[in-house]
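# Residue-level structural notes
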Amino acid sequence: MTGNEQHSGQILGGASAGIGGRAAARFVDWIIAGIVGGILFWILERALDLPSWLAILPGAGFGFLYFVFFEVSTGSTPGKKLFNLQVLGAAGATRPTVADSAKRNAYMLLNLIPWVGGILWFFAAIGIAVTVTASSTKQGWHDNFAGGTRVVKQ
């Protein structure tokens, strides 16, 4: 094997991670990113007296940047590290590139759309859960959109 091939859900670096561990890790990361986003929102709304719909945008954007930064720099977000998960880049690279990670997490930017963004994000997240669960390699539509990224157990 060259390291990019799969065998019964196994790939170099560990077995493909299922939806349970991935969801738990994402929840931890949302808490962390949500705290920072909430602080940004509070500062912008209170200190700068911005309207709520405008003050929330930097915090929503921060969540996207949080995931891209950690996936590219270490291969794992803090939540993924807690659950011993790692994101592999396209073609089995040890970490995703900036482009891979940005594509993989692009659905999060739906939250930047005022009023309907949260609903659109929710449907995108449901789609990810369904496609991860249905995939023999445990890849969601967002992994395929990013050129074949994978989340594996370490």
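Before reading on, note that the structure itself is shown above.
Quick look at the structure, then. In this text the structure is predicted, and so the values were computed from the model without any measurement.

### Details of the pairing of strand β3 (residues 85–88)
Both faces of β3 are covered, namely the face carrying L85 and V87 and the face carrying Q86 and L88. Where β3 meets strand β4 (residues 150–153), 4 bridges bridge the pair, whose relative direction is antiparallel. Of the residues in β4, the one forming a bridge with Q86 is V152.

### Examining the pattern of salt bridges
This structure, assessed with the given rule, holds 4 salt bridges. Across the salt bridge formed by R22 and D143, the nearest N and O atoms sit 2.9 Å from each other. Of this pair, R22 sits in helix α1 (residues 19–47) while D143 sits in helix α6 (residues 141–145); the two residues are 121 residues apart in sequence, bridging distant segments of the chain. Here R22 and D143 have matching classes, each one buried. Across the pair E71 and R104 runs a salt bridge, and its minimum N-O distance is 2.9 Å. You can see E71 sitting in helix α2 (residues 52–74) and its partner R104 sitting in helix α4 (residues 98–105), a full 33 residues away along the chain. Accessibility classification places E71 together with R104 in one group, the buried group. One salt-bridge network, held together by shared partners, links R22, E71, K80, R104 and D143.

### Overview of the environment of F122
Secondary-structure assignment places F122 in helix α5 (residues 117–134). On the basis of relative accessibility, which here comes to 44%, the residue F122 falls in the partly exposed class. With 12 residues separating them in the primary sequence, F122 and L110 have C-alpha atoms 9.2 Å apart.

### Focus: the packing of α1 against α2
Their axes nearest at 8 Å, the elements α1 and α2 cross at an angle of 145°. The two elements α1 and α2 cross, and the hand of that crossing is right-handed. On α2, the residues touching R26, D29, W30, I32, A33, V36, G37, L40, F41, L44 and E45 of α1 are S52, A55, I56, P58, G59, F62, G63, Y66 and F67. Looking at the contact of α1 with α2 residue by residue, the class counts come to 13 nonpolar, 4 polar and 3 charged.

### Brief notes about the packing of aromatic side chains
Inspection of every chain in the model, using the stated rule, returns 7 aromatic pairs. Here W30 and W121 contribute two aromatic rings whose centre-to-centre distance is 5.4 Å and whose plane-to-plane angle is 65°, an arrangement assigned as edge-to-face. Of this pair, W30 sits in helix α1 while W121 sits in helix α5, and the two are 91 residues apart along the sequence. Assessed through its relative accessible area of 36%, W30 is described here as partly exposed.

Procedures and definitions
Residues numbered from 1 in each chain as written. Predicted model: local features only at pLDDT ≥ 70, side-chain atom pairs only at ≥ 80, totals over all residues. Heavy atoms only, no water. Buried < 20%, exposed > 50% of the residue type's maximum accessible area, 1.4 Å probe, protein only. Helix = DSSP H or I, 4+ residues; strand = E, 2+ residues; numbered from the N terminus. Pairing = 2+ DSSP bridges. Salt bridge = Lys/Arg side-chain N within 4 Å of Asp/Glu carboxyl O. Axes fitted to C-alpha atoms, helices over the stretch in contact; angles between N-to-C directions. Left-handed = near helix turned anticlockwise from the far one by under 90°. Contact = heavy atoms within 4.5 Å. Nonpolar A, V, L, I, M, F, W, Y, C, P; charged D, E, K, R; others polar. Phe/Tyr/Trp six-rings, centres within 6.5 Å; stacked < 30°, edge-to-face > 60°.

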